[in-house]
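Summary of structural features
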Amino acid sequence: MINGAGGRRHWSVDDKARIIAETLEPNAIISEVARRYGLRPQQVFAWRREARKQAASVQQDSPAFVPAVLAAAEAVASRSPKQRKRQAIRDAGMIELEIDGIAMRVGRGADTKTVAAVIRALKATS
């Protein structure tokens, strides 16, 4: 904390982060944390809101990585070799995503903006 002209305090980013982290602890009471640092609870709530906005913008700007599971296609004995070949060609380059039990298949040539919008929508519903 730095005191500026007129007695206003200016908190460093690290100090704000530390105070916000304290409010996120289990059973933390924001007004008590604020009082400990001579702050008003509204100020701490504003810092938390700003931190959430910054975290959300960082998440949207950076790609999210998830574990990939590779599974061999199941062989179906009842299909003829020609049917199996057609199925394999149709599935070539196919990506299947599962988010909270909802499966999404992305084929070759899919529009990346549309796929990203669908993934964000699926994440928002979870």
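Residues numbered from 1 in each chain as written. Predicted model: local features only at pLDDT ≥ 70, side-chain atom pairs only at ≥ 80, totals over all residues. Heavy atoms only, no water.

**Thoughts on the overall build of the protein**
When you go through the protein residue by residue, the secondary structure sums to five helices and four strands. Written out in order from the N terminus, the α and β elements of the protein read β-β-α-α-α-α-β-β-α. Put simply, the protein has 126 residues, and 14% of those count as buried. For the protein, the proportion of contacts with a sequence separation of at least 24, taken over those separated by at least 6, is 22%. Summed over its atoms, the accessible surface of the protein is roughly 10,600 Å², and 55% of this surface lies on carbon and sulfur atoms. (Helix = DSSP H or I, 4+ residues; strand = E, 2+ residues; numbered from the N terminus. Buried < 20%, exposed > 50% of the residue type's maximum accessible area, 1.4 Å probe, protein only. Contact = heavy atoms within 4.5 Å. Areas by Shrake-Rupley, 256 points an atom, 1.4 Å probe, with all protein chains shown as cover.)

**Some words on the pattern of salt bridges**
A side chain with one charge may pair with a side chain of the opposite charge, provided their charged atoms come close. Under the criterion given, the structure shown has two salt bridges. The partner of Asp15 in a salt bridge is Arg18, and the shortest N-O contact between them spans 2.9 Å. Highlighted residues: Asp15 and Arg18, both in helix H1 (residues 13-23), separated by three residues, approximately one helical turn. By relative accessible area, which is 40% here, Arg18 ends up partly exposed. Among the ionic pairs, Glu22 bridges to Arg36, the shortest N-O distance being 3.1 Å. (Salt bridge = Lys/Arg side-chain N within 4 Å of Asp/Glu carboxyl O.)

**What about unusual backbone geometry?**
Residues other than glycine seldom take positive phi values, yet Asn27 does so here, at roughly 65 degrees. Here Asn27 lies in the loop between H1 and helix H2 (30-36).

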